[in-house]
Amino acid sequence: MKIDLTNTTSGKINGALMEARRASGSTAAGMVLTLVIVTDEGSAYDALKAANDASREHPMRTLAVIKRAGRSPRARAETRLDAEILVGSDAGSGETVVLRMHGELAAHAQSVVLPLLLPDAPVVVWWPDNAPLHPAQDPLGSLAQRRITDAVTAESPVGQLAQRAQGYTPGDTDLAWTRITGWRSMLAAALDQRPAAIVSAVVEGESYNPSVELLGLWLTNRLHVPVERVVTGGPGITAVRLRTKDGDITLDRPDGLMGTLCMPGSPDRQVALKRRETSELIAEELRRLDPDDIYATAVRTPVERLHEPSNAETAAAERVAREAAVGAAAEAEPEQAAAEAEKKPAKKAAGKRTAKEGA
């Protein structure tokens, strides 16, 4: 069922939702949370589709806030609220309300959203793009127990991590962190199966991908070893190598679909590491609404702690050159010592001859 309301109010929207619920034969809401999506017309379709798919696991009321402040003075002076209500199969397992706010009303979105929140239910705010610098201080973000951003959509994705660390408040999270859940689980399981002392680690992935940095920072905090960041062509994260004295524990995923786990003394295994859709990421974030302390620790770690060579070949060449130099020096030491030993008797004999001639 779809209902269009033009130049409406929050009270009329609530009334239309009740009528639509009665028409469908259900007077109870049966929803567990309210998801507020702050987006624009260009991103609204994809965001709503992801939310509808996630609602099959988490029945919820979805409020999509689309701000249309207007470009001309006349458009900005016109204050109007238009709503599009979707109930039933069109809204997944819940209700969807698309709120288009015109003029000055766009600056006071929280006054429209507040009456539409489900009573006694958690509130989650998601910015698919153009997230505020401090989500918890945003008028809409202050209404929520959980605030979801996505650093990969920023102009400088890796630089955005520093901003997320500066403005972090318990309840904040980022989809760049959610994307590495599978990698973290696989690596932790590998070390549980084969406990080993990790000497160093390498994280390989495409540039301008904040998930690669977050995975490296997580390894830095958990293992307390130096972590090297290597740039590859992607897609996403391509490999993680944990170096031990017995050999490398490697989790390799070159195609973004299946990964290969290699451990010393064990046969290689294929593991599922497919790059997930946004709906799966949102569904995962909605499973837990408490603060994520591990994410807080990782995002607050400076990215500068990761060593990033220009490319993997350069790093390998440098290591080979260093090893060759050390080997050459080790071989040269005995030869140099033998040459000096031969020179000492010759010097003594020359000294004796000079003494006799002088006598």
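The structure presented is a predicted model; accordingly, all values stated were derived computationally and were not measured.

Draft legend 1. Geometry of the overall build of the protein. For the protein, the count of helices and strands is 11 helices and 14 strands. Counting over 359 residues, the protein shows a buried share of 46%. Only carbon and sulfur atoms are counted for the fraction: they give 52% of the accessible area of the protein, which is about 18,400 Å².

Draft legend 2. Spotlight on helix 9 (residues 278-287). With respect to burial, helix 9 is a largely interior element, seven of its 10 residues being buried. Taken together, the buried positions of helix 9 are Ser279, Leu281, Ile282, Ala283, Glu284, Glu285 and Leu286.

Draft legend 3. Structural view of the sheet that holds strand 3 (residues 60-68). Strand order in the open sheet formed by eight strands is 1-4-5-3-2-6-7-8, and the pairing between neighbours is mixed. Edge positions in the sheet fall to strand 1 (2-5) and strand 8 (172-174), since each has one partner strand and no second. Each neighbouring strand pair of the sheet contributes to a mean axis angle of 15 degrees, computed without reference to strand direction. Relative to strand 5 (residues 95-102), strand 4 (residues 80-87) is paired through eight bridges, and the arrangement is antiparallel. The residue of strand 5 that forms the bridge with Leu81 is Met101. Running at roughly 175 degrees to strand 3, helix 2 (residues 41-54) makes contact with strand 2 (33-39), strand 3, strand 5 and strand 6 (123-126) of the sheet.

Draft legend 4. Up close: the nonpolar core. Formed by 35 residues in total, the largest nonpolar core has its most connected members in Leu187, Leu215, Leu219, Val240 and Leu242. If you list the elements that add at least two residues to this core, you get helix 5 (157-166), helix 6 (175-178), helix 7 (181-193), strand 9 (200-206), helix 8 (210-223), strand 11 (237-244), strand 12 (247-252) and helix 10 (293-299). Top element by residues in this core is helix 8. It accounts for six residues. Setting aside chain neighbours within four positions, we find Val240 in contact with Trp183, Leu187, Val202, Val203, Leu215, Leu219, Ile249, Thr250 and Leu251. Counting residues in each nonpolar core, the second largest holds 27 residues, with Leu63, Met101, Val113 and Leu140 among its members.

Draft legend 5. The pairing of strand 6, seen in detail. Side-chain alternation along strand 6 places Val123 and Val125 on one buried face and Val124 and Trp126 on a second face that is also buried. Judged from the four bridges that link them, strand 2 and strand 6 form a sheet pairing that is parallel. Its bridge partner lying in strand 6, Thr34 is registered against Val123. Two elements, strand 6 and strand 7 (residues 146-149), share three bridges in a ladder whose sense is parallel. The partner of Val125 across the bridge, within strand 7, is Arg147.

Draft legend 6. Structural detail: the pattern of salt bridges. Applying the stated criterion to the full structure yields 19 salt bridges. The closest approach of N and O atoms between Arg164 and Asp174, which form a salt bridge, is 3.7 Å. Of the two residues, Arg164 sits in helix 5 while Asp174 sits in strand 8, which places them 10 residues apart along the sequence. A relative accessible area of 1% places Asp174 in the buried class. Ionic contacts of the salt-bridge type, sharing partners, join the residues Lys2, Glu41, Arg68, Glu84 and Arg100 into one network.

Draft legend 7. Structural detail: the environment of Asp248. In this structure, Asp248 sits in strand 12. When the C-alpha atoms of Asp248 and Cys262 are compared, they prove to be 7.9 Å apart, with 14 residues separating the residues in sequence. The contacts of Asp248, once residues within four sequence positions are left out, are Leu242, Arg243, Cys262, Met263 and Pro264.

Draft legend 8. Highlighting the sheet that holds strand 12. The strand order across the open sheet formed by six strands is 10-9-11-12-13-14, and the pairing between neighbours is mixed. Of all strands in the sheet, those bounded by a partner on one side alone are strand 10 (227-232) and strand 14 (269-272). The sheet shows a mean angle of 20 degrees between the axes of neighbouring strands, taken without regard to direction. Across three bridges, the pairing between strand 12 and strand 13 (residues 258-262) is antiparallel. From the neighbouring strand, Leu251 faces strand 13, where its bridge partner is Leu261. Sitting on the sheet, helix 8 touches strand 9, strand 10 and strand 11, and the angle it makes with strand 9 is about 170 degrees.

What counts, and where the lines are drawn
Residues numbered from 1 in each chain as written. Predicted model: local features only at pLDDT ≥ 70, side-chain atom pairs only at ≥ 80, totals over all residues. Heavy atoms only, no water. Helix = DSSP H or I, 4+ residues; strand = E, 2+ residues; numbered from the N terminus. Buried < 20%, exposed > 50% of the residue type's maximum accessible area, 1.4 Å probe, protein only. Areas by Shrake-Rupley, 256 points an atom, 1.4 Å probe, with all protein chains shown as cover. Pairing = 2+ DSSP bridges. Axes fitted to C-alpha atoms, helices over the stretch in contact; angles between N-to-C directions. Contact = heavy atoms within 4.5 Å. Core = buried A, V, L, I, M, F, W, Y, C linked by side-chain atoms within 4.5 Å. Salt bridge = Lys/Arg side-chain N within 4 Å of Asp/Glu carboxyl O.

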